[in-house]
Each structure stands twice: as structure tokens, then as C-alpha cells.
Amino acid sequence: MNDLLASLQVSRRTILAGGAAALAAGCSRGLGPGVLTATDTHVNDYPTVQAVIRFGKMLERATSGRLSLRMYPGGQLGNERDTLEITTFGGLDFNRVNLAPLNSIEPLTTVAALPFLFTSIEHMRSTLDGPIGDEILASLEPHGLIGLCFYDSGARSFYNTRGPIRTPDDMRGLKLRVPGSDLYIAMVQSLGADAVPMPLDEVYQSLAQGVIDGAENNWPSFESGRHFEVARFYSLTRHLLAPEVFVMSKRRWDTLSADDQSLIRRSAKQSVPYMRELWDDQVEKSKAIIMNSGVEVNEIDPAPFAERMRGVWDEFLTTPEQRDLARRIVEVGEPS
Ligand code: GTR
């Protein structure tokens, strides 16, 4: 185990035990001063990981090696909630996470994670590429995080070990894993299923042992976690088109020159088209692997699902700012 990994694992325990100040005060990184660290829950060849690695190469090239990036993929430093906390306190420089773990940190992020909000990938991309996306990214700063860009995450749908889901009634009583987020718990409960919050890396085992009946995710995550080997029914509800987010620790950010800061912002945005290219390709590859393995995939009528989940909007849009943001996102609509 290298020094950073060892020190972060100590730091993580320290943070989780409530000792953030101790970490901020002193954990030695064991890396050179220009080496920036990044983490991701996904394996090395996943599009988000490759996009962040590409971002690091851009920094390295632009600064002739003065800055570089060291990626820790595969969730080796902990789950997204824990690594986000470490990032906030400066134990890690960059983090690529889903919107879900940010929901309890910043209410505006909840809006972009509402079910059936984005009507298509194009709607999501055009909204988040513009001022609305920048506004959500900027809302993270008071929480110790610099929001750099959004990456694609496709559409999340339900998979399970029992049988095809065609209507919300088919979900009654199913035990479905969700990421640790109140919004996800409410979404699944609104459909009559039991929500089981659980880190991603425990899903395969839990499906295999029957601790849960299913989960929900996009094609690449369903495939790369090998969940499809156990959950043989994938029902295309496409209830969530929430994006991934790439963030930086504000503590580290504040130590950088204005030039380096703008290089980082620019390079992150420049990594987005590359990520989307990899993403579109990965969706096709994952789809083929899953279909060829004989998983039963079915289309559904989204209307009754959207109808039941509508209550979640009222429950989670609690401030005027959130309601206004939701209204503006809906108004963006489909790009012409
Ligand atoms: C994936 C996402 C991860 C993580 C995961 C999960 O689609 O890329 O960041 O949130 O889902 O369900 O935990």
C-alpha cells in the first residue's frame, strides 16, 4: 500500500470518528507538492475515470509537469459520501461523484436529481452545459467544494432477480438497493417497494445472497458491477437522468494561483465532450454484454411511474429557490 492510501485510510477513520481538524492540521500526503489526487467509485476503464485521467494529462501538459494527477479508482478510498467528506476537508483534491451524495450537502443539487425531470439526455446536456448548470456547480462552494463540471450518467432503471417490472404494482414489496440519499429512498417507497440504502460495492454480494431483490442504475453500472449476472430482469423505467459531478476541494483550490484555477476550470469543461464520447460508446458495449447474457429487458409505460413519483417533487422541493430552479429546468425543454 502506498503512503497516500495508508494516510487517507487513517484520515478517513479520523474523519469518520469526528476528527476532521486533526486531518486538516496534519496528514502528510506522501506525494510531491504538484501531485493532485482524485478518486472515483468506478473501475479504471469506466468513462468517468478515464475523463478525469484525461483532465489530469491536460494539466500536466499545460504546466510542463508542474501539476499532475494521481487517480485512485474503484472505490479504494471509501464510498462516495465518505470520500466527499475527505475532499471537503482537503484530504483529497478531486472527486467524481453522483449527485446523490451531494443532496444532503446542498439543496439545489436535489433539484437536478428529481425523477422524470429531464425528458431526454439532450435536455439534461443542454441544461447543465449552460447557466443553470453553472449555478448548481457554484452552489457547492460554501460547502467546501468547487463544482467543475457535469458528466453524463445516462438513465437509471430498475433491475431485479424476481421478474419483469411492468407497472408500479409489480414493485410492491421488492427490496431495492438505493444510494444513501433520502431522495432515492422516497422515490423507491413511492413505488411501493422497500428501499435499502447501501454502498455500491456491496450490491453484487447482497443480490447474490438474496439480501436485496434488486437495485437501479444505468447500463454501464449494471454491467461493470456484474450485477446483471445475478439480477436477470432489467425494466427500462428511465426514472432518473441525474448527472455525475466532478468537484475539487476548496481548501486545495484556495492555495492555487488564479492562473492554475482557471486552467483547472477550463480543462474540466474540456474533458466533458471526451467523457460523453466514451460514455455513448460504453452504453452500447454494456448493453450488448447484458443482452447477450440473456437478461430479460423490457420497456415500460413511464406515465404511471412518473405519476406515483410526483409526490417526491412536492416533498423535496421545499425552498422557493429549489422550486424556481425546477421550473427553469422544465422550461429549457428539448433543444430544437
Ligand atoms: C453510478 C454512479 C456512481 C454511483 C452509483 C451508485 O451510476 O456513476 O457515482 O452513484 O451509480 O448507484 O452508487
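Look up a bit, the structure's there.
It should be emphasised that the depicted structure is a prediction, and the values quoted were computed from it without experimental measurement.

S.K.: What is the right way to read the sheet that holds strand S1 (residues 35–40) from this model?
M.R.: The strands making up a sheet associate through hydrogen bonds between their backbones, and the pairing can be parallel or antiparallel. An order of S2-S1-S3-S10-S4 is seen for the five strands of this open sheet, with the pairing classed as mixed. Taken across any chain shown, the strands that pair with only one partner, and hence form the sheet edges, are strand S2 (68–72) and strand S4 (145–151). Across the sheet, the mean angle separating the axes of adjacent strands is 25° when strand polarity is ignored. Where S4 lies against strand S10 (residues 244–249), six bridges are found, and the strand directions are antiparallel. Bridging across to S10, Ile146 finds its partner in Met248. Along the sheet, helix H3 (residues 47–62) contacts S1, S2, strand S3 (94–98), S4 and S10; its crossing angle with S2, the most-contacted strand, is approximately 160°.

S.K.: Which parts of the structure should I look at to understand the site of the ligand?
M.R.: If you check the shell around the ligand, you find 14 residues, and the closest are His42, Glu80, Arg177, Asn217 and Glu244. In the model, an oxygen atom of the ligand is placed 3.2 Å from a nitrogen or oxygen of the Asn218 side chain. Between the ligand and Ser221, the relevant distance is 3.1 Å, taken from an oxygen atom to a side-chain nitrogen or oxygen of the residue. About the coverage of the ligand: the protein hides 97% of its 320 Å² of free accessible area. Placement of the ligand is best described as lying within the largest pocket. Residues belonging to the shell around the ligand are distributed by class as follows: two nonpolar, seven polar and five charged.

S.K.: How do you make sense of the layout of surface pockets when you look at a structure like this?
M.R.: With a probe scaled to a water molecule rolled over the atoms, the places where space remains empty come into view. Taken as a whole, the largest pocket encloses approximately 590 Å³ of empty space. Every residue lining the largest pocket is counted, 30 residues in all, and those nearest its centre are Thr41, Glu80, Arg177, Pro199 and Leu200. Among the secondary structure elements, those contributing two or more residues to the lining of the largest pocket are helix H4 (80–88), S3 and helix H10 (219–224). Of the residues in the lining of the largest pocket, the class split is eight nonpolar, 15 polar and seven charged.

So, how was this worked out
- Residues numbered from 1 in each chain as written.
- Predicted model: local features only at pLDDT ≥ 70, side-chain atom pairs only at ≥ 80, totals over all residues.
- Heavy atoms only, no water.
- Pairing = 2+ DSSP bridges.
- Helix = DSSP H or I, 4+ residues; strand = E, 2+ residues; numbered from the N terminus.
- Axes fitted to C-alpha atoms, helices over the stretch in contact; angles between N-to-C directions.
- Contact = heavy atoms within 4.5 Å.
- Near = heavy atom within 4 Å.
- Polar contact = N/O pair within 3.5 Å; in protein donor to acceptor, adjacent residues only side chain to side chain.
- Areas by Shrake-Rupley, 256 points an atom, 1.4 Å probe, with all protein chains shown as cover.
- 1 Å grid on protein atoms, 1.4 Å probe; cavity = no way out; pocket = protein on both sides within 12 Å on 5 of 7 lines; lining within 4 Å.
- Sits in = over half its atoms within 2 Å of the grid points.
- Nonpolar A, V, L, I, M, F, W, Y, C, P; charged D, E, K, R; others polar.
- Points joined across faces, edges and corners; volume = space filled by probe spheres on them.

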